[in-house]
Structure formats: C-alpha cells, structure tokens
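Listed below, chain by chain, are the residues.
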Amino acid sequence: MPELLAESLIRDVPDFPKPGIIFKDITPVLANPAAMHEIIDKICQYAERVEPDVVVGIESRGFVIGMPVALYLNVGFVPVRKLGKLPYHKISEEYALEYGTNTVEMHVDAIKSGQRVLIVDDLLATGGTAAAAGRLVERLDGTVAGCAFLVELGFLHGRKALLNYDVHTLVHFD
Ligand code: AMP
C-alpha cells in the first residue's frame, strides 16, 4: 500500500519518449486535487524548513509543482526553461545527456545576490537538469537552499550530481 495517494496514481509509460525508457507520467496526479494537496503540503513543509526567498521551477512539470509552493510561501517564482524559450536577457548552462547535451536558461535578473533558492522539479533522474539549474542560481550569486522533487529514480543516483545541495523527494523508485 503506497504511503502517498500520489504514488498510486503515477503511471508507467514504457518506451516513451524512446525505447527502453519507462516514463513516469504524473498527469493523473495533477488531475487529482486530493493528491495535489497532499504533495504540495509535503513540499511546503520541507520548504518552510529551508526558508527560501524564491522558488525556481524547471520546465515544465517543475512549474506546476513549484508555483503553488511559491504562492503558499508568499515568495516569487522563477522559471528555468529549455534553450531559446525565455524572451529577455539570459544565462545558459549546458549539461550532458546519455547522447549529446541539453541547455537550460534563466533570466539574468531572476535571482538577486544572496537570495536563498528552492529548486523544484517533478522528477530526479540523473540529476543533470537540477545541477545545471543550481549552477544558474549560483552564477547570479544565489544560494541553493534545497531541492524538492515529487519522484526520485534511485537507480540513476541523481543525488550524486547534487552532493552540495539538500535534496528532498516524496516518492522513491529503486
Ligand atoms: P535528469 O536531469 O536526468 O535528473 O532528468 C530530470 C528531468 O527529466 C526532469 O525534468 C524529468 O521530468 C525528466 N525525466 C527524466 N527521466 C524521466 C522519466 N523516467 N519519467 C519522467 N520524466 C523524466
């Protein structure tokens, strides 16, 4: 019996977006208000401990989890987006994938020097995306106060990419 309602709703989609990947589909969680209350409450409890000045959400499922957390804490929300999506002046960080690289971006004025930042995404896999988001925060002289994820794929050892950061996850798959 899963501890969280959300865990029972996460759906495995085999071979998406490519063969061999089991995609953790969280859309049934998003569609269930009781499950969303549950996960947002839990992330907010963690967030209150790390006392962020701002929440950074990673495109795109990090937006739908990060934004309600930011509203509850009454702090601002900053999007980290994939290459070419943000309209204003921005900084970029590249990170390695199994084949090739990805780039994430943040507006240059998104974080003020000294601000404490909570990074939020739906899922921690290898940790490359969240680590790149952390580097963006640090280039703007922010401090990563914590990282929160709904799902952790433990077998990909994403925490190793985030050794300098406090990491909190709600649902763990080995
Ligand atoms: P990573 O940088 O490897 O930690 O990958 C994390 C990002 O990729 C997150 O934004 C996730 O939404 C997405 N992601 C990676 N693997 C999966 C998966 N198996 N199921 C769903 N999303 C995934």
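For clarity, every value in this text was computed on a predicted model and none was experimentally measured.

Peer 1: Any chance you could explain helix 5 (residues 128-139) here in plain terms?
Peer 2: Owing to its 3.6 residues per turn, the α-helix aligns residues three or four sequence positions apart on the same side. The end-to-end C-alpha distance of helix 5 is 17 Å, a good match for the 16 Å that 12 residues give at a rise of 1.5 Å each. Among the residues making up helix 5, those that are buried are Gly 128, Ala 130, Ala 131, Ala 132, Ala 133, Gly 134, Leu 136 and Val 137. Those residues of helix 5 that are buried are in contact with strand 3 (54-58), strand 4 (76-82), strand 5 (90-96), strand 6 (101-107), strand 7 (116-124) and strand 8 (143-153). At the C-terminal side of helix 5, Asp 141 shows a positive phi close to 65°.

Peer 1: Mind showing me how you'd approach the sheet that holds strand 7 here?
Peer 2: Strands pair in a sheet through their backbones, by hydrogen bonds, and they do so in one of two ways: parallel or antiparallel. Strand order in the open sheet formed by seven strands is 5-6-4-3-7-8-9, with mixed pairing between adjacent strands. Across the chains shown, the open sheet's two edge strands, defined by having one partner strand only, are strand 5 and strand 9 (167-173). Taken over all neighbouring pairs, the strand axes of this sheet differ in orientation by 20° on average, direction set aside. Pairing of strand 4 with strand 6 involves two bridges; the strand directions are antiparallel. In the sheet register, Lys 82 faces strand 6, and the bridge partner there is Val 104. Here helix 3 (residues 33-50) sits on the sheet in contact with strand 7, strand 8 and strand 9, set at roughly 155° to strand 8.

Peer 1: How should I be thinking about the environment of Arg 49 in this particular structure?
Peer 2: One can find Arg 49 in helix 3. Under the relative-accessibility criterion, Arg 49 is labelled exposed at 57%. Between the C-alpha atom of Arg 49 and that of Asp 12, which follows or precedes it by 37 residues, the distance is 32 Å.

Reading guide: rules and limits
Residues numbered from 1 in each chain as written. Predicted model: local features only at pLDDT ≥ 70, side-chain atom pairs only at ≥ 80, totals over all residues. Heavy atoms only, no water. Helix = DSSP H or I, 4+ residues; strand = E, 2+ residues; numbered from the N terminus. Expected span 1.5 Å × (residues − 1). Buried < 20%, exposed > 50% of the residue type's maximum accessible area, 1.4 Å probe, protein only. Contact = heavy atoms within 4.5 Å. Pairing = 2+ DSSP bridges. Axes fitted to C-alpha atoms, helices over the stretch in contact; angles between N-to-C directions.

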